[in-house]
Amino acid sequence: MLKWAVACVLHVLLVGFANAAGPFGSVNIGNWVGGAFSNDESGAFSHCAATAPYANGVILVVAQNAAGSWLLSFASPGYKFNKGENAAIDVIFDGQEQARVFATANRSDMLTAIMPSNVVRSFQKASLMVATAGRTVLQFQLTSSGPVIAALANCVTKVKADGLSKAGDFTKVAAKPATGEKPAAPPAAKPGKTGTYSGTGFVVSASGHIVTNNHVIDGCVGDIKGNLTGEATMVLRVVSRDAINDLALLQAPATATFKDFARIRDRSIRSGDSVVAIGFPYHGLLTSDFTVTTGIVSSLSGILNDTRHLQISAAVQPGNSGGPLFDTSGQLVGVVVAKLDARMLMKATGTIPENINFAIKTGAVRDFLDNSVVPYQTAEPKGELKTTDIAGNARAYTMLISCTGTEQADAKR
């Protein structure tokens, strides 16, 4: 069976793409093996795929094609399908999330289904997948499914940008960015004095994905580092960036473990609702722990009616950028992004503004995470917690983000 799996990766026509050649480069994570493939007739890039063999005699194949669609295939040398035969497959993840996918036999030994984005997210975060087709029920223990999805997304992005000739180890570089820009190392320093500067971020998945503001890491030179209060510092990898919405996604090392992560409120916030902001303002000058401030949602739009933002009265300072904004049940309702420039408004109006700060709404955050194929979770607000409890829970996933950067970049934090 293992020999057949290897042959499937190296020689056989994967996921219904006729005349596929490859692999180019490699995806090798846990029990998953794969890479990039081309159409053998045209030589053009076709898809990135990885396979994993199971003791039940079935091989799972996960792929993303050049158009960005995700596919899930069930292959076995014992299958004898008629080409074009269709089947409805019910999949259940960890006994909770259920979906139906519709598969087609493009080969006699393989059924292939397109995976909608919600199924991809469930596949990423699940430990067990049960697939039912007719009277056949199969169980698949999912290991490394999150990292393999990220590697395949990165594979497609890299090959489309650089070509098959430059295919390499797709597990080492960043995954698909939300804005279509090419993943890269932190940008080179802008002219100016360099030093160690910081902002805030928070963990949004069990796989160690971390959200912060793009401007927190813009201007960083060398490693971007993160640490929870009282814990060791770790080097973070840039996964994707959205300069327009000022969001960035980082990834903790595979060895890092987190006790908990933020869950996004699955209900609209309202003007007047209470909020709690947590972050690391003026780190090194004030406390080394995070700070907690409270306030309300003052408006459901930002400057010039920018509907991507909330206006909040909770006090924030330089260093709060990228930090979580919670409702009174401890669910995420925004990402702290800015405070109104008091000096600029003083010059324009002659008055000093008070408690006018802004956060990015979770709608933009969810779109960003969906585009980056991150398995985040949502939750309904259930009762009110004390602010001390919200802060205590957030300690497990609110992170100080720091790097060597430029004076100009730090001014934006």
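Bear in mind the structure is a predicted one, so any value in this text is a computation, not a measurement.

Q: Quick one: what's the story with the packing of aromatic side chains, residue by residue and with numbers?
A: Tallied over the entire structure, the rule returns six aromatic pairs. Both rings, one in tyrosine 79 and one in phenylalanine 81, keep their centres 5.1 Å apart while their planes meet at 55°; by these two values the pair is tilted. Overall, phenylalanine 81 belongs to the buried group, its relative accessible area being 19%. A ring pair is formed by phenylalanine 280 and phenylalanine 290, whose centres lie 6.2 Å apart and whose planes are at 75°; its orientation type is edge-to-face. In this pair, phenylalanine 280 is assigned in the loop between β17 (274–279) and β18 (291–299) and phenylalanine 290 in the loop between β17 and β18, connecting sequence segments ten residues apart. With respect to class, phenylalanine 280 is no different from phenylalanine 290; both count as buried. An aromatic cluster of at least three residues, connected via ring pairs, comprises Tyr54, Phe74 and Phe140.

Q: Tell me about the packing of helix α2 (residues 117–125) against helix α3 (residues 145–162), and name the residues and values.
A: Look at α2 against α3: their axes get within 6 Å of each other, and the N-to-C directions meet at 130°. Relative to α3, α2 is oriented oblique. On α3, the residues touching Val120, Phe123 and Gln124 of α2 are Ser145, Gly146 and Ile149. Across the contact of α2 with α3, the residue classes break down as three nonpolar, three polar and no charged.

Q: Which residues make up the state of the cysteines, and what are the values?
A: Across all of its chains, the model carries two disulfides by this definition. Here cysteine 220 is linked by a disulfide to cysteine 403, with a sulfur-sulfur distance of 2.0 Å. Judged by the torsion about the S-S bond (-75°), the cysteine 220/cysteine 403 disulfide is left-handed. Pair noted here: cysteine 220 is in the loop between α4 (214–217) and β13 (221–228) and cysteine 403 is in strand β24 (residues 398–406), with a separation of 183 residues, a long-range link. Here cysteine 220 and cysteine 403 have matching classes, each one buried.

Q: Outline the environment of alanine 338, listing residues and values.
A: With respect to the helices, strands and loops of the structure, alanine 338 is situated in strand β21 (residues 332–339). Its relative accessible area of 32% is what places alanine 338 among the partly exposed residues. C-alpha separation for the pair alanine 338 and proline 318, spaced 20 residues apart in sequence, amounts to 8.4 Å. Ignoring sequence-local partners within four residues, the contact set of alanine 338 consists of Val316, Asn357 and Phe358.

Basis of the calculations
Residues numbered from 1 in each chain as written. Predicted model: local features only at pLDDT ≥ 70, side-chain atom pairs only at ≥ 80, totals over all residues. Heavy atoms only, no water. Phe/Tyr/Trp six-rings, centres within 6.5 Å; stacked < 30°, edge-to-face > 60°. Buried < 20%, exposed > 50% of the residue type's maximum accessible area, 1.4 Å probe, protein only. Helix = DSSP H or I, 4+ residues; strand = E, 2+ residues; numbered from the N terminus. Axes fitted to C-alpha atoms, helices over the stretch in contact; angles between N-to-C directions. Parallel < 35°, antiparallel > 145°, perpendicular 65-115°, else oblique. Contact = heavy atoms within 4.5 Å. Nonpolar A, V, L, I, M, F, W, Y, C, P; charged D, E, K, R; others polar. Disulfide = S-S within 2.5 Å.

What is shown is where atoms sit, not what they do.
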